[in-house]
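Geometric and topological summary
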Amino acid sequence: MTSFAPVGAAPSAQPPAEIDGFQLLINALKLNGIDTLFGLPGIPITDLTRKAQAQGMRVISFRHEQNAGNAAAAAGYLTQKPGICLTVSAPGFLNGLSALANATVNCFPMILISGSSEREIVDLQQGDYEEMDQLAVAKPLCKAAYRVLHAQDIGVGIARAIRAALSGRPGGVYLDLPAKLFGQTMDAAAGQASLIKVVDAAPRQLPAPEAVERALALLKNAKRPLILLGKGAAYAQADADIRALVETSGVPYLPMSMAKGLLPDNHVLSASAARSYVLAEADVVLLVGARLNWLLSHGKGKTWGAPQAKQFIQIDISPTEMDSNQPIAAPLVGDIGSCVAALLRGMGSNWPQPSAQWINAVAERRDKNQAKMAETLAQNPSPMNFHSALGAIREVIKANPSAILVNEGANTLDFTRSIVDMYEPRKRLDVGTWGVMGIGMGFAVAAAVVTNKPVIAIEGDSAFGFSGMEVETICRYHLPVCIVVFNNNGVYRGTDVNASGGADVAPTVFVKGARYDKMMEAFGGVGVLASTPAELSAAMHAAIANGLPTLINAVIDETAGTESGRITMLNPQTAKKINSGN
Ligand code: ADP
Ligand code: TZD
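The rules behind each value
Residues numbered from 1 in each chain as written. Chains lettered and ligands numbered in written order. Predicted model: local features only at pLDDT ≥ 70, side-chain atom pairs only at ≥ 80, totals over all residues. Heavy atoms only, no water. Axes fitted to C-alpha atoms, helices over the stretch in contact; angles between N-to-C directions. Helix = DSSP H or I, 4+ residues; strand = E, 2+ residues; numbered from the N terminus. Parallel < 35°, antiparallel > 145°, perpendicular 65-115°, else oblique. Left-handed = near helix turned anticlockwise from the far one by under 90°. Contact = heavy atoms within 4.5 Å. Nonpolar A, V, L, I, M, F, W, Y, C, P; charged D, E, K, R; others polar. 1 Å grid on protein atoms, 1.4 Å probe; cavity = no way out; pocket = protein on both sides within 12 Å on 5 of 7 lines; lining within 4 Å. Points joined across faces, edges and corners; volume = space filled by probe spheres on them. Salt bridge = Lys/Arg side-chain N within 4 Å of Asp/Glu carboxyl O. Pairing = 2+ DSSP bridges. Right-handed = clockwise from strand over helix to strand, strands pointing away. pLDDT = per-residue confidence, 0-100. Near = heavy atom within 4 Å. Polar contact = N/O pair within 3.5 Å; in protein donor to acceptor, adjacent residues only side chain to side chain. Areas by Shrake-Rupley, 256 points an atom, 1.4 Å probe, with all protein chains shown as cover.

Looking at the packing of helix α3 (residues 65-79) against helix α18 (residues 440-451)
The interhelical angle for the contact between α3 and α18, taken along N-to-C directions, is 45°, at an axis separation of 7 Å. If you check the angle between α3 and α18, you find them oblique. The handedness of the crossing between α3 and α18 is right-handed. Between α3, through Asn67, Asn70, Ala71, Ala74, Ala75, Leu78 and Thr79, and α18, the contact on the second element is made entirely by Gly442, Phe443, Ala446, Ala447, Val450 and Thr451. Classifying every residue of the contact of α3 with α18 by side-chain character gives eight nonpolar, five polar and no charged.

Some details on empty space enclosed by the protein
Empty space among the atoms becomes apparent when a probe as large as a water molecule is rolled across them. By the definition in use, this model includes one cavity of 30 Å³ or more. In this model, the largest cavity occupies a volume close to 30 Å³. As for the largest cavity, its lining consists of Pro454, Val455, Pro480, Val481, Cys482, Ala543, Ile544, Gly547 and Leu548. Residues belonging to the lining of the largest cavity are distributed by class as follows: eight nonpolar, one polar and no charged.

Considering unusual backbone geometry
The phi torsion of most residues other than glycine is negative, and most of the peptide bonds are trans. Residue proline 44 is reached from isoleucine 43 by a cis peptide bond, and omega for that bond is 5°. With respect to the helices and strands, the residue proline 44 is situated in the loop between β2 (36-39) and α2 (46-54). For the bond from serine 382 to proline 383, the omega torsion is -5°, close enough to zero to count as cis. With respect to the helices, strands and loops of the structure, proline 383 is situated in the loop between α15 (356-378) and α16 (386-399). We note that glutamine 237 has phi near 55°; this positive angle belongs to a residue other than glycine. Positionally, glutamine 237 belongs in the loop between α11 (231-235) and α12 (239-249). Positive phi outside glycine occurs at aspartate 323, with the angle close to 65°. The topology assignment puts aspartate 323 in the loop between β12 (311-316) and β13 (330-333).

Describing the pattern of salt bridges
In this structure the tally under the stated criterion is 21 salt bridges. When the shortest N-O distance is used, the salt bridge between arginine 394 and aspartate 421 registers 3.8 Å. Taken as a pair, arginine 394 in helix α16 and aspartate 421 in the loop between α17 (411-419) and β15 (428-430) lie far apart in primary sequence, 27 residues in all. Salt bridges sharing partners connect three or more residues here, namely Arg119, Asp123, Asp133, Arg147 and Asp176.

Brief notes about the pairing of strand β3 (residues 58-61)
Residues in a regular strand point their side chains to alternate faces of the sheet. Pairing of β2 with β3, which is carried by four bridges, proceeds in the parallel orientation. From the neighbouring strand, leucine 37 faces β3, where its bridge partner is valine 59. Handedness of the crossover joining β2 and β3 through α2: right-handed.

Examining the confidence of the model for the protein
Taken over all residues, the pLDDT of the protein has a mean of 95, while the share at 70 or more is 96%. Note on residues 1-5: pLDDT is under 50 here. Beyond four places in sequence and across chains, it has five contacts.

With respect to the site of ligand 2
Around ligand 2, 17 residues are found, and the nearest of them are Asn411, Thr412, Gly435, Asp461 and Ala463. Between ligand 2 and methionine 437 there is a distance of 3.2 Å, counted from a nitrogen atom to a backbone nitrogen or oxygen. A distance of 3.1 Å separates an oxygen atom of ligand 2 from a polar backbone atom of glycine 490. Protein contacts shield 76% of the accessible area of ligand 2, which totals 600 Å² for the unbound molecule. Of all the elements in the fold, those that place two or more residues in the shell around ligand 2 are α17 and α19 (461-465). Among the elements that line the shell around ligand 2, the one with the most residues is α19, at three residues. For the shell around ligand 2, the class distribution of residues is eight nonpolar, eight polar and one charged.

Here it is in C-alpha cells:
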C-alpha cells in the first residue's frame, strides 16, 4: 500500500487514510515531471507554496504576478514542459493573466493556476473576498480554461491542462481552483489512483507524403530560395535537422529574432545582414515555425517586392495558420521535427544547390552591410550610444555563447537584435509577437532557474521599469543575472519637451541621470555605473565570472535612438505622413 503514499512524503508504515486537495495537486504535478512553481503567495494558495517547497519542489516567489507568469512562459518555451504560475484570486489572477495571454500569442506552453472565491457566492454576486468569475474572464485570452470543483478531479484537471498547453500549437492554459477545493479530503488510495501521468503530451504530427512532395517540388524549382526560421523552429528542439536542412539545401536563411542562434549568426548561409534584399528578391520562401504576421509585414508590401513573384512553403503545426495572410502554395502541416526530417529524406544527398548567382548576390549585400556596421561599431563617441555599447556587448556574448540574452525596449531591442550575434539555439528571449514591455525580469529569472546558465538582460530604461522590482527576487535566489539598463533618460530617448511650456516634463521623459545600479545595491547585488564601452565590458565579464546579481547602469546618449525604434511607421501620426507622401 505504500505506493499510495504522497510523492515526496516521508515513508511511513501506515499510509495516510485521507489526502487533501493541496496534496493531490502537488502529487499530480510531480507525477508529470513538474518540479518548479513560479508564483506569488496569498489566500488561498500560501499553504500550497509551502507544502510544495517542503516536498522538494522549487518555488520561485515573485514581487508581482505578471513577472511570475512571464517566468512560467519562458520556462515553458525553454523546456517544452508547461511553466506553472500560481496566483491568488481576482487581482493576483488578473496580474498573471496578461502573461498568460502573452504566452498564448507567442505559442509558449504555460499553465496559470489561480485560487478563486467560492462558486456559490461568485455566481450569485454576493460579494466574496476577491470575487470574480475568473474562468469566464480567462477563457477568451488563452488556449483552454478549466475549473476543478472536486478533489477527485484534480488529476484530470492537471492532465487536461498539460495536454492543452503542449499539444498542437502550444499555448497558455488557465486552471481555476476554488479555495474550498484545497481543503477537500478523500480516501488517500482513491485519490492517488485518480491522478494521471500524461503519456505523449505533444504527439508528433507527421506531414502527408504528398504535402512533402509538393513542398520539395516548389523548392527544387526555385531560382532564389530563402528559408525563414521562426521561434516555433527554436521551440521544436529539432536543432540538428534544421541545420541539416539549411546546409543540405544550400539555401540562405533568415532567423526571426528568437530563432537567432539556431544556426550560429556567423554561418555562411545567414542572410541576416541582407534582410531587405532577400525578402524583396526571393521567389520561394520556406517558413519554418514563423507566422506571416506584422513582424514580416504580413508577407506583402514593399518589403516583399513584387507579390506575383513570391511563393510560400509553410511548415506549421496549426493547419489554420495557412493562408492567414498570403496564399501558401505548399502547406506542410505537422510538427517541425517530423516535417524537416521528411524534407531531408526527400532531398537525399544530391539535392541541386541554388545558383551561384543568387548565393553571391546575397553574400555581396551581406558583406557590404557588415563592413558598414563594423565601421559604426568601431567608433567610440562620448557619451556612449547604442552602437558603441552594443559593440562591447557583442564581444561579451561571443566569448560566452551559452549565456542567455534577454532583450526588451524599442531602440535597445532593435539594435541589440541586429548587432549582437547569437551562436546557440534558444539563447535569445525577447518581447515576442506582441512587442510587449515587461517580460525582462520574469524571463531572466526563469532562464537562470531552468538552465543554470548566466543570463544577460539588455533593457531599455523604460522597459526595465515594468519589472524592475524583481531585482530583489534575483538577489534573493542568488541568480547569475547581469542586467544592463540602457539609460537614455526616457521612453525611446530623453529629449522630448513639454509643448505647453508647463512645469511637467514631456510624457516620454524620465528623471535624468537616474542611478538604476543603486536598486541592485539595495538588495545586496552589485551595482555598476558604466559610461564607456570598456567599463561596460569589464563589468559584464566580472558578472559572468563571479555569477553575482549585477545591474549595470549604462549611460547612453539621450539624443540617440528614434521614436518607437524600427516600428515608428506604426505610430498613427507617422503612418499618416507616409501615406500622404509627406
Ligand atoms: P516568429 O515570431 O519567430 O516569426 P511565430 O511565433 O510567429 O514566430 O511563429 C511560431 C509558429 O510556430 C506558430 O505558428 C506555431 O504554430 C508554430 N509552432 C510552434 N511549435 C511548433 C512545432 N513543434 N511544430 C510545428 N510548428 C510549431
Ligand atoms: N506598454 C507595454 C506593455 N508594451 C509596450 N510595447 C508599450 C507599452 C509601448 N512601448 C514600446 O513599444 S517600447 C517602449 C514602450 C513604453 C519603451 C521604449 O523605451 P526604452 O527603450 O527606454 O525601453 P529605448 O531603447 O530607449 O527605445
